[in-house]
Amino acid sequence: MKRFTNFPKIALLLVWVSLLVCLGLKFETHEATPGPAAAPCSNWPTGSALVADASRPTILFFIHPQCPCTRASLNELDRILSSYPGKAKVIAVVLSPKGMAADWSETDTTEHARRLPDATMVKDPDGAECKRFGVKTSGTVLVFSPGGSRELFRGGLTASRGHEGESAGGAAISHYLETGQMTINTAPVFGCFLF
């Protein structure tokens, strides 16, 4: 009978270890699952208040100000722009839902967006521009040819949620700014849903 006195402790330990494994797998799955992609635009949407640069590419970067994953994407964009100064116009589009407090969209993420090289940050009331450009995930980057005549790239700059470093999207945009040739047109976006 003494053999079974440790059974409740062993069972509790097994349950605890199982829970840790399940939580770890759930976190890993979340980290590696991209946000929803949108259908590409053929050119700059009519009715947009945003203006494409006529002489150089325009990069749009869409931000949910409360998304912690977007910080890594912002750091990657900052690195790219610092490596290729003046090669593109950048517009950081910050979601600003109606009915939220005025300071809801004022975060360290939006403060960083204001400091991006060659960038302008604009607030997007109720996500009108996000919807117009078909963007659903924070951290989405769109690259348009000069004048906005053609969308060249739609995707993200990180290889997983909230992690900086090499990614297909970052490499493609860097290559384009260096050579004028886009190697890929899409890459997964790892960020929070905008809506």
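Counting of residues starts from 1 at the beginning of each chain's written sequence and follows it residue by residue. Where local features are concerned, this predicted model is filtered to residues with pLDDT of at least 70; where side-chain atom pairs are given and counted, the filter is 80 or more; whole-chain, interface and lining totals use all residues. Hydrogen atoms and water are omitted, and side-chain values are computed over all heavy atoms in the structure.

Asker: In this structure, what is going on with the pattern of salt bridges? I would like to understand it.
Answerer: Opposite charge on two side chains permits them to pair, given that their charged atoms come into close proximity. Salt bridges are defined by distance alone: a side-chain nitrogen of Lys or Arg within 4 Å of a carboxyl oxygen of Asp or Glu. Throughout the structure, instances matching the rule amount to 10 salt bridges. Put simply, E106 and R114 hold a salt bridge, and the shortest N to O gap is 3.1 Å. Given the relative accessible area of 37%, R114 is considered partly exposed. We note a salt bridge from K123 to E106, for which the minimum N-O separation is 2.7 Å. Separated by 17 residues along the polypeptide, K123 in strand 3 (residues 119-125) and E106 in the loop between strand 2 (89-96) and helix 3 (108-114) bring together distant segments of the chain. Whether a residue is buried, partly exposed or exposed follows from its accessible area with a 1.4 Å probe, protein chains only, as a fraction of its type maximum: under 20%, in between, or over 50%, in that order. Residue class for K123 comes out partly exposed when judged on its relative accessible area of 38%. Under the relative-accessibility criterion, E106 is labelled partly exposed at 35%. One connected set of salt bridges, linked through shared partners, spans E106, E111, R114, R115 and K123. Helical segments are the DSSP runs of H or I of at least four residues, strand segments are the runs of E of at least two, and each set is numbered from the N terminus.

Asker: What is the right way to read the nonpolar core from this model?
Answerer: In globular proteins that are soluble, nonpolar side chains generally tend to be buried together. Formed by 24 residues in total, the largest nonpolar core has its most connected members in I59, I63, L77, V141, V143, I173 and L177. Only strand 1 (58-63), helix 2 (70-83), strand 2, strand 4 (141-144), strand 5 (151-155) and helix 5 (168-179) provide two or more residues apiece to this core. Looking at this core element by element, the count peaks at four residues for helix 2. Throughout, a contact is declared for two residues whenever any of their heavy atoms are within 4.5 Å. Those residues in contact with I173, other than ones at most four positions away along the chain, are I59, I80, V141, V143, F153 and L157. For our purposes a nonpolar core is just a set of buried Ala, Val, Leu, Ile, Met, Phe, Trp, Tyr and Cys residues, chained together by side-chain atoms within 4.5 Å. Counting residues in each nonpolar core, the second largest holds 15 residues, with C41, F62, V93 and V135 among its members.

Asker: How should I be thinking about the environment of S149 in this particular structure?
Answerer: In this structure, S149 sits in the loop between strand 4 and strand 5. In this structure the C-alpha to C-alpha distance between S149 and W44, which are 105 residues apart in sequence, comes to 6.3 Å. A 3.5 Å cut-off defines polar contacts: any pair of N or O atoms within that distance qualifies, except that in protein one atom must be a possible hydrogen donor and the other a possible acceptor, and neighbouring residues in sequence count only when both atoms are side-chain atoms. Among the polar contacts listed, one links the side chain of S149 to the side chain of S145, at a separation of 3.0 Å.

Asker: Can you walk me through the packing of aromatic side chains in this structure?
Answerer: How two aromatic rings sit relative to each other is set out by the distance from centre to centre and by the angle between their planes. Note on aromatic contacts: the rings of Phe and Tyr and the six-membered ring of Trp form a pair at centre separations within 6.5 Å, being stacked when their planes are under 30 degrees apart, edge-to-face when over 60 apart, and tilted otherwise. Taken as a whole and assessed by the stated rule, the structure comprises four aromatic pairs. Ring geometry for F62 against F133: centres 6.1 Å apart, planes inclined by 50°, an arrangement best described as tilted. Here the residue F62 occupies a position in strand 1, and F133 occupies one in the loop between helix 4 (128-132) and strand 4, the gap between them amounting to 71 residues. Its relative accessible area of 0% is what places F62 among the buried residues. These aromatic residues form a ring-pair network of at least three members: W44, F62, F133 and F144.

Asker: Before we go on, may I ask you to explain unusual backbone geometry in this structure?
Answerer: Across residues other than glycine, the phi torsion is negative in most instances, and most of the peptide bonds are trans. Phi at D118 takes a positive value of approximately 55°, unusual for a residue other than glycine. Position of D118 relative to the elements: it lies in the loop between helix 3 and strand 3. Of the residues examined, D118 reaches a relative accessible area of 36% and is grouped as partly exposed. For D126, which is not a glycine, the phi torsion comes out positive at approximately 60°. Position of D126 relative to the elements: it lies in the loop between strand 3 and helix 4. The class of D126 is partly exposed, set by a relative accessible area of 33%.

In short, the description is geometric, and any link to function would need to be established separately.
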